[in-house]
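Structure assessment
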Amino acid sequence: MLKAVKFLAGAFLIALGVVGTQQAHATEWKEHVLGDENAPVTMIEYASLTCPHCAAFHNEVLPEIKEKLIDTGKLKLVFRDYPLDAVALRAAAVAQCAGDDRYFGVLSMLFKSQLSWARSEDPIEGIKQVVRFGGMNSDAVDACLADQAMIDAIVASRMKGEQEFNVSSTPSFILDGETIAGAREAEFFIEKVEDLID
């Protein structure tokens, strides 16, 4: 299974044109959780930072879910990258390199400003402009993008989502073992979580 994941990850990287040998120091890849680790319900989100529907979820739906479910200790959200293109893959790496304390803040900034960088002529420069407000300078971004281990880990996470949960589009959510493809209103998730707790 691990060999298969590594092979698929390699093929995906070749397709995106991000295979390289240069290594640079950056934080190690890790899974990030929003909310109480001991919350009774876990929801996994697979998203791509260049996906408009993912941005809409984070900008318009997640705030209500956070207020009513996450901040009240009912739900924890596990965010997993599912990059749809090379730009999303690089943006995901930059968010990872922001570190634990700034991760969700940088993620939010990237989703909120998606239109300004994701389709620009120089999306990497656009990403640098955005994350500068999160305390990351240009050198830090360049070092992160040169970290092949980080890139590999993000791709492996995407492949794992495909193999374990049949994720094939973004956003996708895993709730109580069910894969939910596509964006939904906050009320949809609130009702689902409340039913699981009752």
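What counts, and where the lines are drawn
Residues numbered from 1 in each chain as written. Predicted model: local features only at pLDDT ≥ 70, side-chain atom pairs only at ≥ 80, totals over all residues. Heavy atoms only, no water. Helix = DSSP H or I, 4+ residues; strand = E, 2+ residues; numbered from the N terminus. Buried < 20%, exposed > 50% of the residue type's maximum accessible area, 1.4 Å probe, protein only. Contact = heavy atoms within 4.5 Å. Pairing = 2+ DSSP bridges. Axes fitted to C-alpha atoms, helices over the stretch in contact; angles between N-to-C directions. Parallel < 35°, antiparallel > 145°, perpendicular 65-115°, else oblique. Left-handed = near helix turned anticlockwise from the far one by under 90°. Nonpolar A, V, L, I, M, F, W, Y, C, P; charged D, E, K, R; others polar. Disulfide = S-S within 2.5 Å. Core = buried A, V, L, I, M, F, W, Y, C linked by side-chain atoms within 4.5 Å. pLDDT = per-residue confidence, 0-100.

This part covers the overall build of the protein. Assigned secondary structure in the protein consists of nine helices and five strands. N-terminal to C-terminal, the α/β element order of the protein is α-β-β-α-β-α-α-α-α-α-α-β-β-α. Each of the 198 residues in the protein was classed as buried or not, and the buried ones make up 47%. In the protein, the proportion of contacts linking residues at least 24 apart, taken out of those at least 6 apart, comes to 80%.

To continue, consider the pairing of strand E2 (residues 41-47). Strand residues, when the strand is regular, have side chains that alternate between the two faces of the sheet. Across the seven residues that make up E2, a large majority, six, are buried. In terms of strand pairing, E2 meets strand E4 (residues 172-175) through four bridges, oriented antiparallel. Bridge assignment links Tyr46 to a residue of E4, and that residue is Ser172.

Here we take up unusual backbone geometry. Put simply, Thr170 and Pro171 share a cis peptide bond, and its omega is -10°. Examined against the element boundaries, Pro171 turns out to sit in the loop between helix H8 (148-165) and E4. The phi angle at Asn166 is positive, at roughly 60°, despite the residue not being glycine. Of note, Asn166 is situated in the loop between H8 and E4. Note on Asn166: relative accessible area 62%, which makes it exposed.

Strand order in the open sheet formed by five strands is E1-E3-E2-E4-E5, and the pairing between neighbours is mixed. Each having just a single partner strand, strand E1 (32-34) and strand E5 (178-181) make up the two edges of the open sheet. When strand polarity is set aside, the average angle formed by the axes of neighbouring strands in this sheet is 25°. Pairing of E2 with strand E3 (residues 75-81), which is carried by seven bridges, proceeds in the parallel orientation. Residue Thr42 lies in a different strand from E3, and its bridge partner there is Lys76.

Attention now goes to the packing of helix H4 (residues 103-112) against helix H6 (residues 123-131). Look at H4 against H6: their axes get within 10 Å of each other, and the N-to-C directions meet at 125°. If you check the angle between H4 and H6, you find them oblique. Helix-helix and strand crossings are classified by hand; for H4 and H6 the assignment is right-handed. From H4, Val106, Met109 and Leu110 reach across to H6, where they touch Ile127, Val130 and Val131. Residue classes in the contact of H4 with H6 are distributed as six nonpolar, no polar and no charged.

Below, the discussion takes up the state of the cysteines. Across all of its chains, the model carries one disulfide by this definition. Covalent S-S linkage joins Cys97 and Cys144, the inter-sulfur distance amounting to 2.1 Å. Taking the sign of the torsion about the S-S bond as the criterion, the disulfide between Cys97 and Cys144, at about 80°, is right-handed. Here Cys97 is found in helix H3 (residues 86-97), whereas its partner Cys144 is found in helix H7 (residues 138-145), with 47 residues between them in sequence. Judged by relative accessible area, which is 1%, Cys144 ranks as buried.

With 33 residues, the main nonpolar core has Leu49, Leu110, Phe111, Trp117 and Val131 as its most contacted residues. Of all the secondary-structure elements, those providing two or more residues to this core are helix H2 (52-70), H3, H4, H6, H7 and H8. Considering each element in turn, this core owes the most residues, eight residues, to H3.

Turning next to the confidence of the model for the protein. When pLDDT is averaged across the protein, the result is 89; 86% of the residues are at 70 or more. Counting contacts from residues 1-26, a segment whose pLDDT is below 50, to residues more than four positions away or on other chains yields 46 contacts.

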